[in-house]
Amino acid sequence: QVQLVESGGGLVQAGGSLSLSCTASGSFFSISAMGWYRQAPGKQRELVATSGSSTNYADSVKGRFTISRDNAKNTAYLQMNSLKPEDTAVYYCNAEIRTRGGYAYVYWGQGTQVTVSS
């Protein structure tokens, strides 16, 4: 069983910074990619940033957010700078996990709330 545990959410004023982390634990062979998604009230879940064979960002966060990974710790980070009220959402970690047999499975974390006040 694989678990993704997120931490680092909270309340911050507009213009401030927050850092999220997500650690994968359990039995698996490798992690192909990790990413961050977010879901604001009344809206669909949307991609924020992913890190795999390449790094991708939503246009709305480019230049403000940075995704990074520590493969030795099976951990992904999301550094969020210059936060805006519209960044308020529940942020979910996502990971594509591979087994020794070559199968790939996608796992999600439980989500962490990020609230940006104006």
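Relevant structure appears above.
The model shown is predicted, which means the values in this text are computed figures rather than measured ones.

(A) Structural detail: the overall build of the protein. Within the protein, the secondary structure is distributed over 0 helices and 11 strands. From first element to last, N terminus to C terminus, the protein shows the α and β order β-β-β-β-β-β-β-β-β-β-β. Against the globule reference of 13 Å for 118 residues, the protein gives a C-alpha radius of gyration of 14 Å, in line with a compact fold. The dimensions of the protein, computed from C-alpha atoms along their principal axes, are 50 × 25 × 25 Å. Residue burial in the protein is summarised as follows: out of 118 residues, 36% are buried. At a minimum sequence separation of 6, the contacts of the protein that also span at least 24 residues come to 56%. Entry remark: accessible area of the protein is about 6400 Å², with carbon and sulfur atoms responsible for 46%. Looking at the protein, you have 10 positive and 7 negative side-chain charges, and the mean spots of the two groups are 4 Å apart.

(B) Region of interest: the pairing of strand S1 (residues 2–7). Along S1, the buried face is formed by Val-2, Leu-4 and Glu-6; none of Gln-3, Val-5 and Ser-7, which line the opposite face, is buried. Pairing of S1 with strand S3 (residues 18–26), which is carried by 6 bridges, proceeds in the antiparallel orientation. Residue pairing in the sheet places Val-5 in a bridge with Thr-23 of S3.

(C) Region of the structure containing the packing of aromatic side chains. Enumeration according to the criterion identifies 1 aromatic pair in this entry. Plain terms: the ring middles of Tyr-37 and Trp-108 are 5.0 Å apart, the flat faces sit at 65 degrees to each other, and that makes the pair edge-to-face. Residue Tyr-37 is found in strand S4 (residues 30–39), and its partner Trp-108 is found in strand S10 (residues 104–108); the two are separated by 71 residues along the sequence. One residue, Arg-45, lies across the ring of Tyr-92, its end atom 3.7 Å from the ring centre. Positioned over the ring face of Trp-108 is Arg-45, at 4.7 Å from the centre of the ring.

(D) Just the pattern of salt bridges, in detail. Enumeration according to the criterion identifies 5 salt bridges in this entry. The salt bridge involving Glu-46 is made with Arg-38; its shortest N-O contact spans 2.7 Å. Salt bridges here are not isolated pairs; linked through shared partners, they connect Arg-38, Glu-46, Arg-64 and Asp-87.

(E) How the structure looks around the pairing of S4. Bridge count between S4 and strand S9 (residues 89–98): 9 bridges; the pairing is antiparallel. Looking at the pairing, Ala-33 lines up with Glu-96 of S9. Bridging between S4 and strand S5 (residues 46–51) involves 5 bridges; their strand directions are antiparallel. Looking at the pairing, Arg-38 lines up with Glu-46 of S5. Connecting the antiparallel pair S4 and S5 is a turn made up of 6 residues, with Gly-42 showing a positive phi of about 80 degrees.

Parameters and conventions
Residues numbered from 1 in each chain as written. Predicted model: local features only at pLDDT ≥ 70, side-chain atom pairs only at ≥ 80, totals over all residues. Heavy atoms only, no water. Helix = DSSP H or I, 4+ residues; strand = E, 2+ residues; numbered from the N terminus. Rg over C-alpha atoms; globule rule 2.2 N^0.38 Å. Buried < 20%, exposed > 50% of the residue type's maximum accessible area, 1.4 Å probe, protein only. Contact = heavy atoms within 4.5 Å. Areas by Shrake-Rupley, 256 points an atom, 1.4 Å probe, with all protein chains shown as cover. Lys, Arg positive; Asp, Glu negative; His and termini not counted. Charge placed at Lys NZ, Arg CZ, Asp CG, Glu CD. Pairing = 2+ DSSP bridges. Phe/Tyr/Trp six-rings, centres within 6.5 Å; stacked < 30°, edge-to-face > 60°. Lys NZ or Arg CZ within 6 Å of the ring centre and 35° of its normal. Salt bridge = Lys/Arg side-chain N within 4 Å of Asp/Glu carboxyl O.

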